Every structure is written in structure tokens, then in C-alpha cells.
Amino acid sequence: MTTDGGSGTHGPAEPPKRRGRPARTAGTTGPGARERILEAARTEFAERGYDKTSIRGIAKKAAVDAALVHHYFGTKDEVFAAAIEVSFEPALVIPAVLTGGTDGLGERLARYFIGVWENPATRAPLLAIVRSALTHEAAAKVLRGFVLRRLLERVAEALDVPDPTFRAELAASHMIGIAMLRYVIKAEPLASADPEKIVAMVAPTLQRYLAQA
């Protein structure tokens, strides 16, 4: 039997409590944490707007350390860009849009874009993103950079056509304009038009922008 200064018998000593960053557990690290951060970011941007959303607020909502948000995404702009990418999934979309070459390219791109907006699961965060871009230049810059460089410009360059950046900008202006009028401003009759009718009318224009030599 051992004693400690006459205070009685003791079991194994408990390790001292550590201060500072929370312990790295399955709940605060790993793929699950990254997905929670993205979901929290989409919600925060939707509810609070770009200006009032912070890395600390995103971390709190995702129940992780703010340092982990920086680790996965870096700055707030980069978190914003990642939230856009979750909805558009360019890595999956670009190969599918390019399948078959230039034939039917405009229709495939129009159908994909309208489909993303018609899906309630992706429409809500996109609305938040577009609204943020309307009121904050940093958000607008991120949106422009993503739509042009990570989506449309990559499509245009893969087709090996002249002036790919200019063509991508024309296509982006057309599709973002439709999104603004139909889903944000809700201008009639565009707001209630059948999605298939929109695809049918927009596809030839996108085809000309991106594929015509």
C-alpha cells in the first residue's frame, strides 16, 4: 500500500489537463469534418450573407476548431469558392458535357446548368451565393472566377477553339443572366417557363458561343 504525504491510498495519477486547441478526435477531423464545414459554410452564407459570415462562425456551426477550417480551405474567399464547387461539381460535369465532342454541346451545357438550379438541394446555396455576389465585390470575384476559369473556360479550352476566354465569358453572361431573372428576380414569364423550353431556346446560343469556329 502506498501513501502520498499521509493523505491515504491513491490509484494511478490522472494526466494533467491540457489547455489550448481541442483534442483531435473523429468528430473534429477527417472527411466528416470537412463535409460539415462545407455544409456550415453554405448555411452561414445563406443566412448571414458574405459580409457577416466569418471563419469563426463557420467553425462554430460545424463544431470544429477554426484552425481546421483554415487547414482545409484557407481564407473565407476559398471557403466561398468551395461552397460553389459543391453545387456545380466541375470535375464530374466537364467530362460529361464534353462527351460526344461539339455535337450537342450547347444542349448538354444548358441542361446541366438549368438542372442545377431546378434541383432544390443545390438551388438554395446557389441563391445565397448569387445574392452575396450582388452586394459584395469579393464574393462577385470568387463567383466570376469559378464560373469562368473552373467551368466554362475549361470546357472552351478543351474544344480547341479560338478566343476561349471570350467565348466562356459570353456563355457565362448568358447563363448567369437567366439565373438572375428566373431564380433571383423571378421575372415573368421566364420564372414560370418550362425548363425544357428554356433549354431548347438557350442551347443553340451556347452552341454558337462555345463550338462555332
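Because the structure is a prediction, the values reported are computed rather than measured.

S.K.: Just give me the short version of the overall build of the protein chain, but keep the residues and values in it.
M.R.: Counting its regular elements, the protein chain contains ten helices and zero strands. Helices (α) and strands (β) of the protein chain occur, in sequence order from the N terminus, as α-α-α-α-α-α-α-α-α-α. Going through the 213 residues of the protein chain one by one, you find that 42% of them count as buried. Looking at the protein chain alone, contacts between residues at least 24 apart form 66% of all its contacts between residues at least 6 apart. For the protein chain, the exposed surface amounts to about 12200 Å²; the carbon and sulfur share of it is 55%.

S.K.: Quick rundown of the side chain of lysine 76? Include the residues and the values.
M.R.: Considering the arrangement of structural elements, one finds lysine 76 in helix H4 (residues 76-88). Among the polar contacts listed, one links the side chain of lysine 76 to the backbone oxygen of threonine 53, at a separation of 2.9 Å.

S.K.: Residues and numbers for the packing of helix H6 (residues 105-118) against helix H9 (residues 164-184), please.
M.R.: One can describe the packing of H6 onto H9 by two numbers: an axis separation of 11 Å at closest approach and a directional angle of 30°. Considering their axes alone, H6 and H9 lie roughly parallel with respect to each other. Handedness of the crossing formed by H6 with H9: right-handed. From H6, Leu109, Phe113, Ile114, Trp117 and Glu118 reach across to H9, where they touch Met175, Ile176, Ile178, Ala179, Arg182 and Tyr183. Residues belonging to the contact of H6 with H9 are distributed by class as follows: nine nonpolar, no polar and two charged.

S.K.: Hey, could you go over the packing of H9 against helix H10 (residues 195-211) for me, with residue numbers and the actual values?
M.R.: Two numbers describe a pair of packed helices, the interaxial angle and the distance between the axes. For the pair H9 and H10, interaxial distance at closest approach is 8 Å and the crossing angle is 160°. One way to sum up the angle between H9 and H10 is to call them roughly antiparallel. Of the two possible hands of crossing, H9 and H10 adopt the one that is right-handed. In this structure, H9 uses Arg167, Ala168, Leu170, Ala171, His174, Met175, Ile178 and Arg182 to contact H10, whose residues at the interface are Pro195, Ile198, Val202, Thr205, Leu206, Arg208, Tyr209, Leu210 and Ala211. Residue composition of the contact of H9 with H10, grouped by class: twelve nonpolar, two polar and three charged.

S.K.: Kindly report on the pattern of salt bridges, identifying the contributing residues and their values.
M.R.: The final tally for this structure, using the stated rule, is five salt bridges. A salt bridge links glutamate 39 to arginine 42; the nearest nitrogen and oxygen atoms lie 3.9 Å apart. In this pair, glutamate 39 and arginine 42 both sit in helix H1 (residues 30-52), three residues apart, roughly one turn of the helix. For glutamate 39, a relative accessible area of 44% gives the class partly exposed. Here arginine 42 falls in the buried class, since its relative accessible area comes to 15%. Here glutamate 118 ties to arginine 182 by a salt bridge, and the two come within 2.9 Å at their closest N and O atoms. Pair noted here: glutamate 118 is in helix H6 and arginine 182 is in helix H9, with a separation of 64 residues, a long-range link. Residue classification places glutamate 118 among the partly exposed positions, given a relative accessible area of 27%. Using a relative accessible area of 6% as the deciding quantity, one classes arginine 182 as buried. The network of salt bridges with shared partners includes Glu107, Arg111 and Glu196.

S.K.: Which residues make up H9, and what values do they have?
M.R.: Between its first and last C-alpha, H9 extends 28 Å over 21 residues, near the 30 Å set by a 1.5 Å rise per residue. Of the residues trailing H9, lysine 186 is marked for its positive phi of about 60°.

S.K.: So what about the packing of aromatic side chains? Which residues, and what values?
M.R.: For any two aromatic rings, the description comes down to two numbers: the centre-to-centre distance and the angle of the planes. Under the counting rule described, the total for this entry stands at three aromatic pairs. Considering the side-chain rings of phenylalanine 45 and phenylalanine 80, the 4.9 Å spacing of their centres and the 80° angle between planes classify their relative orientation as edge-to-face. Of the two residues, phenylalanine 45 sits in helix H1 while phenylalanine 80 sits in helix H4, which places them 35 residues apart along the sequence. Plain terms: the ring middles of tryptophan 117 and tyrosine 183 are 5.0 Å apart, the flat faces sit at 15° to each other, and that makes the pair stacked. Here the residue tryptophan 117 occupies a position in helix H6, and tyrosine 183 occupies one in helix H9, the gap between them amounting to 66 residues. Exposure class is identical for tryptophan 117 and tyrosine 183. Each is buried. One Lys or Arg, arginine 208, reaches over the ring of tyrosine 209 and ends 5.8 Å from the middle of that ring.

What counts as what
Residues numbered from 1 in each chain as written. Predicted model: local features only at pLDDT ≥ 70, side-chain atom pairs only at ≥ 80, totals over all residues. Heavy atoms only, no water. Helix = DSSP H or I, 4+ residues; strand = E, 2+ residues; numbered from the N terminus. Buried < 20%, exposed > 50% of the residue type's maximum accessible area, 1.4 Å probe, protein only. Contact = heavy atoms within 4.5 Å. Areas by Shrake-Rupley, 256 points an atom, 1.4 Å probe, with all protein chains shown as cover. Polar contact = N/O pair within 3.5 Å; in protein donor to acceptor, adjacent residues only side chain to side chain. Axes fitted to C-alpha atoms, helices over the stretch in contact; angles between N-to-C directions. Parallel < 35°, antiparallel > 145°, perpendicular 65-115°, else oblique. Left-handed = near helix turned anticlockwise from the far one by under 90°. Nonpolar A, V, L, I, M, F, W, Y, C, P; charged D, E, K, R; others polar. Salt bridge = Lys/Arg side-chain N within 4 Å of Asp/Glu carboxyl O. Expected span 1.5 Å × (residues − 1). Phe/Tyr/Trp six-rings, centres within 6.5 Å; stacked < 30°, edge-to-face > 60°. Lys NZ or Arg CZ within 6 Å of the ring centre and 35° of its normal.

Geometry only, nothing functional implied.
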